[in-house]
Amino acid sequence: MAKLILSLDGMVLRDFKIETDKIKIGRKAHNDLQIDNLAVSGEHASITTIQNDSFLEDLGSTNGTMVNGQPIQKHFLQDGDVIELGKYKLKYLREGAPRATAEDFEKTMVIRSPMAARPAMASLDTTTMPAYKPDSTSIQPAASPVAPAVNTIQGNPPTPPAPPPAAAERTGVIQVLTGGNAGKTLDLVKNLTSLGKPGVQVAIITKRPNGYFITHVEGPKRPSVNGEQISVQAHELKEHDLIELAGIKMEFFYK
Amino acid sequence: MTQHLVTALEVAGLSDPGMVRGHNEDAIAMHPAVGLVVLADGMGGYNAGEVASGIATTLISEGVKSSLEVISPHMEDATTGKSVAHRILRTEIDKANLAIFQTAQSQPQCAGMGTTLVTALFYDNRLTVAHVGDSRLYRLRGSNFEVITKDHSLLQEQLDSGFITPEQAKMSQNRNLVTRAVGIDPQLDVELNDHEVEIDDIYLLCSDGLNDMVDDEDIGLVLTTLRNNLPLAAGQLVQMANDNGGRDNVSVILVRIKNNFSAERGFWARLFSWLAR
């Protein structure tokens with residue numbers, strides 16, 4: 001469930017819960033959210049909500065609609081967006097984002113009767129967004145008193161994908177010590193870097209949240225670290241470890 | 001033919017509960033000798049999700065294997081003009097669908113269960129892929145890594161209609177809503193497609209626990225780098241999903257095409273192996 005907070009010059013005027021698929025905003029009384037001000041057009045903007053996503057559209061208003069300071073025609077609303085209509089501001093907030101238990105978020109759920117939804121989607125043109133009618137799609141599979149809670153759409157919305165955890169904060173570097181490329185360095189910025197000669201001996205260095213690891217990939221001989229051959233398992237690299245691979249010595253260190 | 005597929009395909013797979021979920025509702029099955037791989041991502045409360053995915057992988061594996069003993073998948077089906085593989089897959093998936101649906105109806109603790117499905121049958125230098133829901137088949141060919149199934153999901157429908165852009169899709173809250181699943185209705189709309197395969201292609205079947213957590217670019221990088229060590233590649237993909245949070249079960253099956261496996265050559269290979277006895 002998302003809501004809008006209407007404010008003028010920093011003063012909060014009202015909270016408006018987004019509870020229907022289509023909300024009209026404007027000066028005239030028939031709007032779902034009325035803002036009685038001459039700078040606001042009679043029918044100024046609309047918000048279309050499809051399941052957990054909301055889309056803002058300007059309805060050809062005289063003074064336009066801004067989101068986070070940018071004029072928009074259509075906009076996919078994100079948590080914290082500030083919509084401006086004249087001097088009025090509407091802050092878009094998603095509620096209930098943090099989930100009580102890890103167990104119920106992002107469970108895959110089925111929306112039934114996609115065929116019913118499709119014509120509405122197909123009839124889209126670039127200027128109008130049709131109201132999406134969940135009523136026409138029966139949402140609950142096999143309605144049953146004991147239907148598990150995770151199958152209901154009415155549950156809390158899923159949390160957005162979390163940003164990937166910060167990978168190893170410092171960048172690891174490999175410096176080649178022997179052979180034709182002696183002296184060259186390689187910054188390990190990719191999640192996966194392969195080293196060695198295909199067909200002879202290959203290893204990868206993976207960048208993980210908890211550091212860098214070297215893993216044997218192919219070849220009869222496994223790479224060695226500080227003079228000892230590593231096992232078939234990934235081996236964590238420490239500052240100034242000496243790696244030997246396909247006859248080449250190299251050093252690992254952090255930048 | 002059987003002998004032939006064993007030398008033509010290298011197969012590796014892994015299924016992991018992830019970092020957050022208590023149990024694994026995904027199921028995978030691999031039968032390289034007959035060129036069949038199956039992956040299902042179950043849904044439904046308590047343990048019903050794994051019941052659904054388990055029924056799907058087991059019944060489809062057994063059904064397709066016994067069909068292949070009596071009929072060749074590359075033959076043309078006179079009634080449809082498609083390969084027999086289509087008929088085999090459709091029939092066995094329909095059976096699994098009905099079995100899950102009836103179990104859900106008769107067992108209260110299984111009510112509402114269902115599963116996504118992606119399954120590929122390799123034969124005669126091609127594959128037929130059947131899918132339902134948002135489990136995917138990707139292909140790495142040369143340096144080109146792409147998804148070759150189209151999700152049956154609300155998000156995909158919004159993308160197709162131009163309602164949202166691919167950039168917006170990444171921010172969508174609707175990524176877990178599938179529009180088709182096995183076992184929730186007595187009738188099922190299975191999507192079937194054929195693709196020619198080339199030597200050195202790598203195919204990846206995965207549940208959304210992988211592609212929701214790891215960018216396609218990184219998945220492609222793993223397959224390109226580790227193409228000669230599929231078990232390690234499978235482990236690496238699961239590890240990356242878990243390193244990024246592992247919020248869902250994650251399952252992968254990798255298939256690398258090592259040799260030609262045309263049906264004609266299959267016949268000659270069988271003849272030669274018979275002569276050599």
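Values in this document were obtained by computation on a predicted structure and should not be read as measured data.

### Looking at the overall build of chain B
Argument step 1. The number of helices and strands found in chain B is nine helices and eleven strands.
Argument step 2. Radius of gyration (C-alpha) of chain B: 19 Å, near the 19 Å computed for a compact globule of 277 residues.
Argument step 3. The principal-axis extents of the C-alpha atoms in chain B amount to approximately 60 × 45 × 35 Å.
Argument step 4. For chain B, the proportion of its 277 residues judged to be buried stands at 56%.
Argument step 5. Sequence separation of at least 24 residues holds for 71% of the intrachain contacts in chain B that already meet a minimum separation of 6.

### Topic: helix H7 (residues 216-225) of chain B
In an α-helix, one full turn covers 3.6 residues, which means residues spaced three or four apart are oriented alike.
Argument step 1. Looking at H7(B), one finds that the buried residues are Ile219(B), Leu221(B), Val222(B), Leu223(B) and Thr225(B).
Argument step 2. Contacts made by the buried residues of H7(B) are with strand E15 (192-197) and strand E16 (201-208) of chain A together with strand E6 (136-141), strand E7 (144-147), strand E10 (202-206) and helix H8 (230-243) of chain B.

### A short note on unusual backbone geometry
Argument step 1. Phi at Asn226(A) takes a positive value of approximately 55°, unusual for a residue other than glycine.
Argument step 2. If you trace the backbone, Asn226(A) turns up in the loop between strand E18 (224-225) and strand E19 (228-229).
Argument step 3. Given 11 C-beta atoms within a 10 Å radius, Asn226(A) is considered exposed.
Argument step 4. The phi dihedral of Asp124(B) is positive, around 50°, even though this residue is not glycine.
Argument step 5. On the secondary structure map, Asp124(B) appears in the loop between strand E4 (114-123) and strand E5 (126-132).

### Some points on the pairing of strand E17 (residues 211-218) of chain A
Two faces, one strand: in a regular strand the side chains alternate between the faces of the sheet.
Residues and elements named next belong to chain A.
Argument step 1. For E16 and E17, the ladder comprises seven bridges, and the chain directions are antiparallel. Each residue of the ladder has a partner; that of arginine 208, found in E17, is glycine 211.
Argument step 2. The hairpin formed by E16 and E17 contains two residues between the paired strands.
Argument step 3. Here E17 pairs with strand E20 (residues 235-236) via two bridges, running antiparallel. Pairing of phenylalanine 213 across the sheet is with glutamate 236, part of E20.

### Remarks on the sheet that holds strand E14 (residues 185-188) of chain A
All names here are of chain A.
Argument step 1. Pairing is antiparallel in the open sheet, where six strands are placed in the order E14-E13-E22-E21-E18-E19. Each edge of the sheet is formed by a strand with only one pairing partner; in this case those strands are E14 and E19.
Argument step 2. Here E18 runs beside strand E21 (residues 241-245); their pairing, made up of two bridges, is antiparallel. Directly across from serine 224, in E21, lies its bridge partner glutamate 244.

### A look at the pairing of E6(B)
Residues and elements named next belong to chain B.
Argument step 1. A large share of E6 lies buried, amounting to five of its six residues.
Argument step 2. Here E6 pairs with E10 via five bridges, running antiparallel. Bridge pairing in E10 places tyrosine 138 opposite leucine 204.
Argument step 3. Counting the residues between successive antiparallel strands, the hairpin from E6 to E7 contains two residues, one of them, glycine 142, with a positive phi of roughly 60°.

The rules behind the values
Residues numbered from 1 in each chain as written. Chains lettered and ligands numbered in written order. Predicted model: local features only at pLDDT ≥ 70, side-chain atom pairs only at ≥ 80, totals over all residues. Helix = DSSP H or I, 4+ residues; strand = E, 2+ residues; numbered from the N terminus. Rg over C-alpha atoms; globule rule 2.2 N^0.38 Å. Buried ≥ 20, exposed ≤ 12 C-beta atoms within 10 Å, placed from the backbone. Contact = placed C-beta atoms within 7 Å. Pairing = 2+ DSSP bridges.

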